[in-house]
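Letter by letter, the chains look like this.
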Amino acid sequence: MNVQKQLLDALDKQLMTEIDAQRVYRGFLKKIDNKEITGHIKKIIIDEIEHIAIVEDMIKIVKEYQKPVKELKATGKKGKELKNILEGGNSILVLCNIEGYTDKILMFLKKLTEQKKHIIYISYNKIPKYIKKLIEERKIDLGDITFINCSGGEDAEAINIRPEALTELSLAITGLADRFKNIAIIVDTISAFSIYNSIEIISKFIASISNSARKRNFIVLWMNNNPEDKIFNSKIANLCDSVVNL
Amino acid sequence: MLEEGQSIEEVPTLGHLSMVEELIEKINFGEPVKKKLMAKINHLKKETLEHSRFFSKEIIKILKKK
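Everything in this summary refers to the structure shown in the same document.

The rules behind the values
- Residues numbered from 1 in each chain as written.
- Chains lettered and ligands numbered in written order.
- Predicted model: local features only at pLDDT ≥ 70, side-chain atom pairs only at ≥ 80, totals over all residues.
- Heavy atoms only, no water.
- Salt bridge = Lys/Arg side-chain N within 4 Å of Asp/Glu carboxyl O.
- Helix = DSSP H or I, 4+ residues; strand = E, 2+ residues; numbered from the N terminus.
- Buried < 20%, exposed > 50% of the residue type's maximum accessible area, 1.4 Å probe, protein only.
- Contact = heavy atoms within 4.5 Å.

## Focus: the pattern of salt bridges
At step 1: According to the stated counting rule, one finds 20 salt bridges over all chains in the structure shown.
At step 2: Note that B:K45 is salt-bridged to A:E99, the shortest N-O span being 3.3 Å. Here B:K45 is found in helix α2 (residues 31–65), whereas its partner A:E99 is found in helix α4 (residues 98–114) on a different chain.
At step 3: Classification of A:E99 as partly exposed rests on a relative accessible area of 30%.
At step 4: The residue B:K46 makes a salt bridge to B:E50 at a minimum N-O spacing of 3.6 Å.

## So, the environment of B:V20
At step 1: Within the secondary structure, B:V20 is located in helix α1 (residues 2–26).
At step 2: In this structure B:V20 comes out as buried when scored by relative accessible area, which is 1%.
At step 3: Considering only alpha carbons, one finds B:V20 and B:M38, 18 residues apart in sequence, at a separation of 9.7 Å.
At step 4: Sequence-distant contacts of B:V20, that is, excluding residues within four places in its chain, are made with A:L7, A:A10, A:L11, A:M58 and B:I41.

## Some thoughts on unusual backbone geometry
Glycine aside, negative phi is the norm for most residues, and most peptide bonds take the trans geometry.
Residues and elements named next belong to chain A.
At step 1: Across the junction of D188 and T189, the peptide omega takes the value 5°, indicating a cis bond.
At step 2: Among the structural elements, T189 can be located in the loop between β5 (183–188) and α7 (193–196).
At step 3: The phi angle at N182 is positive, at roughly 55°, despite the residue not being glycine.
At step 4: Considering the arrangement of structural elements, one finds N182 in the loop between α6 (166–179) and β5.

Structure (structure tokens):
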């Protein structure tokens, strides 16, 4: 597929996401009776309607662009960069701003599955169905990934664990490390742990999983989309083998 | 529901936006078209982040009440 078609395809997906979002939020209005929250959701719905128009306009601009479109050469830097990061030890803290966060996770997933690793994906405070859809879109085999869902909702295809139950989460991880050979763990996202747990409890959890990773030789990526929280990050960094800022 | 809202904003919305941005960067559209498209991307990003922050803040508020 040429790059202009790829862009139109990506814009179509963006359009569908915006349409779905406003539909889901309209559903929220029927179920939530807190006026402050519904007031804000109504504003978000108006934004989403505007977003639909913006994306439609972008599609129009790209379609109407008459000059021949040339693809700029890729440098191959990204692949090398990821490989270097993954060689930084067994326990790696990955700091990344929220804007490019999901994209970085997808790049790690692609790289790790290329390396024939079985992924344990811990979806903390977020519902796994959305990341699963993106994984499928990027043509990454979902069969290579086991999901642990630590959000409030149940996921029939995942291992469901309450976000505050870190002992249970730790047991599930070691159980999966015994079951699958050559695993890698992606924790999405370690910053959300502090909503439910104290920094002391989180530190113990990270230390325990990191030790297990070194002993059994698997990789754990502690993804964090809040690089600004210096105190939290420096405490966590001390427990990891390396820290990368993407 | 609030977790679902946060998931929608952070995962498919920002995920697709990154992909669109990367593809725009890859193509030599010429400066005026590129500028126009990037301005739209930046606007979408800014509001998506605001939505995500709203859902996240409400989750914390509810947990604190509990």
